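Read off the chains here:
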Amino acid sequence: MRAAALMHPRADRRLPARFPGAEIAEMLPPGCEAALVFGGDGTMHRHLRALVEAGVPALNVPTGSGNDFAHALGLHTISDAERAWKQFLETRDNVRDIDVAEIRSPSTQSPAPSPLFCCIAGVGLDSEVNRRANAMPGWLRRHGGYVLALLPALAAFRAPQVSAEVLDAANGETIARISEPAMLCAFANAPAYGDGMRMAPRAKLDDGLLDVCFVRRVGKLRLLRLFPKVFSGAHLSLEPVRYLHAARLRVESTPPLDIYADGEFVARTPAEIVVQSKALRVIVVPEH
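Throughout what follows, the structure given in this document is the object of discussion. (Residues numbered from 1 in each chain as written. Predicted model: local features only at pLDDT ≥ 70, side-chain atom pairs only at ≥ 80, totals over all residues. Heavy atoms only, no water.)

### Notes on the packing of aromatic side chains
Applying the stated criterion across every chain yields a total of five aromatic pairs. When the ring of Phe-227 is compared with that of Phe-231, the centres are 5.5 Å apart and the planes differ by 85 degrees; the resulting orientation is edge-to-face. Against the face of Phe-88 rests Arg-92, its NZ or CZ located 4.8 Å from the ring centre. (Phe/Tyr/Trp six-rings, centres within 6.5 Å; stacked < 30°, edge-to-face > 60°. Lys NZ or Arg CZ within 6 Å of the ring centre and 35° of its normal.)

### Details of the pattern of salt bridges
A side chain with one charge can pair with a side chain of the opposite charge if their charged atoms come near. Here the structure, examined in full by the defined rule, presents 18 salt bridges. Here Glu-102 ties to Arg-104 by a salt bridge, and the two come within 3.2 Å at their closest N and O atoms. Arg-104 gets classed as partly exposed once you look at its relative accessible area, which sits at 39%. The salt bridge involving Arg-268 is made with Asp-258; its shortest N-O contact spans 2.8 Å. One end of the pair, Arg-268, is in strand 14 (residues 264-268); the other, Asp-258, is in strand 13 (residues 258-261), with 10 residues separating them in the sequence. By relative accessible area, Arg-268 is classed as partly exposed at 34%. For Asp-258, a relative accessible area of 26% gives the class partly exposed. Through salt bridges that share partners, Glu-165, Arg-177, Arg-248, Arg-250 and Glu-272 make up one connected network. (Salt bridge = Lys/Arg side-chain N within 4 Å of Asp/Glu carboxyl O. Buried < 20%, exposed > 50% of the residue type's maximum accessible area, 1.4 Å probe, protein only. Helix = DSSP H or I, 4+ residues; strand = E, 2+ residues; numbered from the N terminus.)

### Re the state of the cysteines
For the coordinates displayed, the defined rule picks out zero disulfides. Cys-119 takes part in no disulfide bond, and the closest cysteine sulfur to it belongs to Cys-118, at a distance of 6.1 Å. Taking the relative accessible area as the measure of exposure, Cys-119 reaches 1% and is therefore buried. Here Cys-213 stays free of any disulfide, with the sulfur of Cys-185 as its closest cysteine sulfur at 8.1 Å. (Disulfide = S-S within 2.5 Å.)

### Regarding the side chain of Glu-165
Counting through the fold element by element, Glu-165 comes out in strand 8 (residues 161-167). On the basis of relative accessibility, which here comes to 9%, the residue Glu-165 falls in the buried class. Engagement of the side chain of Glu-165 in a polar contact is seen with the side chain of Thr-174, the distance being 2.2 Å. (Polar contact = N/O pair within 3.5 Å; in protein donor to acceptor, adjacent residues only side chain to side chain.)

### Describing the pairing of strand 8
The element strand 8 is largely enclosed, with a buried count of six among its seven residues. Summarising the sheet, strand 8 and strand 9 (residues 174-188) pair through seven bridges and their orientation is antiparallel. Bridge pairing in strand 9 links Val-162 to Glu-180. Taking the residues that link successive antiparallel strands as the turn, the strand 8-strand 9 hairpin has six residues, and the phi of Gly-172 there is positive, at about 75 degrees. Judged from the six bridges that link them, strand 8 and strand 12 (residues 248-254) form a sheet pairing that is antiparallel. The residue of strand 12 that forms the bridge with Ala-164 is Val-251. (Pairing = 2+ DSSP bridges.)

### Quick notes on unusual backbone geometry
Along the chain, Thr-254 connects to Pro-255 via a cis peptide bond; the corresponding omega equals 0 degrees. By the element assignment, Pro-255 lies in the loop between strand 12 and strand 13. With an omega dihedral of 5 degrees, the bond running from Thr-269 to Pro-270 counts as a cis peptide bond. On the secondary structure map, Pro-270 appears in the loop between strand 14 and strand 15 (271-283).

Next up, the structure:
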């Protein structure tokens, strides 16, 4: 078994020794049969297109500041990842095919391919929180950085006009549309981001759909009172929240907004987001 160990820069480079066959590489080499990604959502994001194009099974070893994608696959600890790898080496029967989504925006520079994401992307307040959290030291991000970034982000935030338009996947015709001042609009392939915030608790990795959570403009004090509900997913029942499903989505805003995906800046609005069904092969814990 030839497997590439793709490392976050701050990941412990002794860890691959616990995974038989893993050899540290800067990028996915030709001819490898599997990949182990040591890091969090951002590290998965940086290697995502190469993994999709190569079609090799990938194991996300949760060693990042936010490991929501790994958690969605049942990988909560390094020991979980070791168990999944052992099963993969023995039987190859713990591989799942899951969706990714492509963000097509005029703001991305050609000839670079459009960015992909596997977890959650969004615009608005969550992107501003993400930007501030990314500027924090790694140890602080790992210990509540997203929550700590919320207060200063909210203090400076002014709700922009956001349009979220669900399109027919085949012909691009409009199926549903929301357009109003918004706190955020998240489009999710997985249930959580920001280290446990269940923004899209009904999202499934392999249903061919994005879960779209649109939060209308609300008072800042009210938003702070409601914020804890995001960790349980109870916010979906609240009046300011609209929840939709889309295989193809168009997002526009006034003014143009930054789009963050898997914790990384990727583009600006306007953008069209399209699901690529079962495009990524992942290694999961045996019972997941």
